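The chain contents come next:
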Amino acid sequence: MFARRTAQAKWKCSPCAVSLEIKRGEFVALMGASGSGKSTLMNILGCLDRSKTGHYVLDGADVSGLDRDQLADIRNRKIGFVFQNFNLLPRTSARENVELPLVYSAQRLTNAELRERADRVLASVGLAGREDHHPSQLSGGQQQRVAIARALINDPEVLLADEPTGNLDSRTSVEIMAIFQQLNERGITVIMVTHEPDIAAYARRNVMMRDGVILDDHVVSRRLVATTQLQNGRTRPADAPNEESQSH
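This one's a predicted model, so the numbers in the text were calculated from it and none came from an experiment.

K.L.:
Help me understand helix α5 (residues 140-152) in this model?
P.N.:
Because an α-helix completes one turn every 3.6 residues, residues spaced three or four positions apart along the sequence face the same direction. Between the first and last C-alpha of α5 there are 19 Å, a value that for 13 residues agrees with the 18 Å anticipated at 1.5 Å per step. Among the 13 residues of α5, 12 are classified as buried, and the element is accordingly described as predominantly covered. Within α5 the residues assigned to the buried category are G141, Q142, Q143, Q144, R145, V146, A147, I148, A149, R150, A151 and L152. Those residues of α5 that are buried are in contact with β6 (79-83), α3 (94-103), α4 (111-124), β7 (158-162) and α6 (170-185).

Listed below in structure tokens is the structure:
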């Protein structure tokens, strides 16, 4: 579906067949109310679940028939996950939370290498100096930055984010969207589930779902630019996303 080449994901969602293609380097927001199918879609894209029918092609390879261990290997090598509730281990430091995916990877790194890599990724999301802090010592926005750093530690080609701003205030939400946009500019494919139109306006493309069916799929013509909003002292708009700083 995404990655180095143009790929495609196809599967059946009763009662309709759904076909979706996401190219490498896109920033896509999956939208819809609860029960619309967006979380099911996210689980399939993240190789957390398999569709009973249809095909899912990732980076040129059909992964539909892979077993759990093979899917886990793909997740570890190609995909990073960011969740609404952060999913951090409460009794471990920010650094140790970020190191976890490397502990379970095929890479064999020394403790010094683990530490250096985790600290570098934490610094890249603005958390230099907070490596030894536990989640309870961090704000919600900082915890989400730790979660993003953890998702990036294995240099994934795809970042999947499930309601990443759901527990954050308006300004912190814009700060997280700035990180996502910067990652996307670096070439990382970003796929984000959200039910908030103003958050979806930071993506390049919006896909609207209902009852397991794609109702609408369009390029965002008036895209919000998070860094510009932050420089201007703005937080995200309360209603319609009509503060576009640049078009894509």
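We are not done yet, so read on.
K.L.:
Please clarify how the packing of α5 against α6 should be interpreted in this entry.
P.N.:
What describes two packed helices is the angle between their axes and the distance between those same axes. One can describe the packing of α5 onto α6 by two numbers: an axis separation of 10 Å at closest approach and a directional angle of 15°. The angle between the axes of α5 and α6 places the two elements in the roughly parallel class. Two packed elements cross with a definite hand, and for α5 against α6 that hand is right-handed. Only T172, E175, I176, I179, F180 and L183 of α6 make contact with α5, whose side of the interface consists of G141, Q144, R145, I148 and L152. Residues that form the contact of α5 with α6 fall into these classes: six nonpolar, three polar and two charged.

K.L.:
Would you take a moment to explain the pattern of salt bridges for this structure?
P.N.:
Oppositely charged side chains may form a pair once their charged atoms are brought near each other. For the coordinates displayed, the defined rule picks out 12 salt bridges. Residues participating in the shared-partner salt-bridge network are E26, R205 and D217.

K.L.:
Sorry if this is basic, but what is going on with the pairing of β7 here?
P.N.:
Along a regular strand, successive side chains alternate from one face of the sheet to the other. For β7, the tally of buried residues reaches four of five residues, placing the bulk of the element in the interior. The sheet contact formed by β6 and β7 spans five bridges and is parallel. Bridging across to β7, G80 finds its partner in L159. Summarising the sheet, β7 and strand β8 (residues 189-194) pair through five bridges and their orientation is parallel. By the bridge assignment, L159 is partnered in β8 with V190.

K.L.:
I'm lost on the pairing of strand β10 (residues 213-219) in this one. Help?
P.N.:
In this sheet, β10 lies alongside strand β9 (residues 205-210) in antiparallel orientation, the contact comprising six bridges. If you follow M209 over to β10, its bridge partner there is I214. Between β9 and β10, which pair antiparallel in sequence order, lie two residues; one of them, D211, sits at a positive phi of approximately 55°.

K.L.:
Sorry, what's going on with the packing of aromatic side chains here?
P.N.:
Given two aromatic rings, their pairing is described by the distance between the two centres and the angle made by the two planes. By the definition in use, this model includes one aromatic pair. Between F81 and F83, the ring centres sit 6.1 Å apart and the planes meet at 5°, which makes this aromatic pair stacked. Residue classification places F81 among the buried residues on the basis of a relative accessible area of 16%.

K.L.:
Teacher, can you tell me more about the sheet that holds strand β3 (residues 27-31) here?
P.N.:
By way of backbone hydrogen bonds, the strands of a sheet pair with one another, either parallel or antiparallel. Pairing is mixed in the open sheet, where six strands are placed in the order β6-β7-β8-β3-β9-β10. Each edge of the sheet is formed by a strand with only one pairing partner; in this case those strands are β6 and β10. Here the strands of the sheet are splayed against their neighbours by 15° on average, with no regard to which way each runs. The sheet contacts of helix α2 (residues 68-78) involve β6 and β7, and relative to β6 the element is tilted by about 80°. On the sheet, α6 packs against β3, β7 and β8 and is oriented at approximately 150° with respect to β8.

K.L.:
Would you take a moment to explain the confidence of the model for the protein chain for this structure?
P.N.:
Detailed reading of the predicted coordinates is not advisable wherever pLDDT is low. Per-residue confidence for the protein chain gives a mean pLDDT of 86, with 88% of residues at or over 70. Low pLDDT (under 50) marks residues 1-16, which in the prediction has 69 contacts with non-local residues, meaning those over four places away or in another chain. This model gives residues 238-248 a pLDDT under 50, and the stretch forms 26 contacts once residues within four places in sequence are excluded.

Conventions adopted
- Residues numbered from 1 in each chain as written.
- Predicted model: local features only at pLDDT ≥ 70, side-chain atom pairs only at ≥ 80, totals over all residues.
- Heavy atoms only, no water.
- Helix = DSSP H or I, 4+ residues; strand = E, 2+ residues; numbered from the N terminus.
- Expected span 1.5 Å × (residues − 1).
- Buried < 20%, exposed > 50% of the residue type's maximum accessible area, 1.4 Å probe, protein only.
- Contact = heavy atoms within 4.5 Å.
- Axes fitted to C-alpha atoms, helices over the stretch in contact; angles between N-to-C directions.
- Parallel < 35°, antiparallel > 145°, perpendicular 65-115°, else oblique.
- Left-handed = near helix turned anticlockwise from the far one by under 90°.
- Nonpolar A, V, L, I, M, F, W, Y, C, P; charged D, E, K, R; others polar.
- Salt bridge = Lys/Arg side-chain N within 4 Å of Asp/Glu carboxyl O.
- Pairing = 2+ DSSP bridges.
- Phe/Tyr/Trp six-rings, centres within 6.5 Å; stacked < 30°, edge-to-face > 60°.
- pLDDT = per-residue confidence, 0-100.

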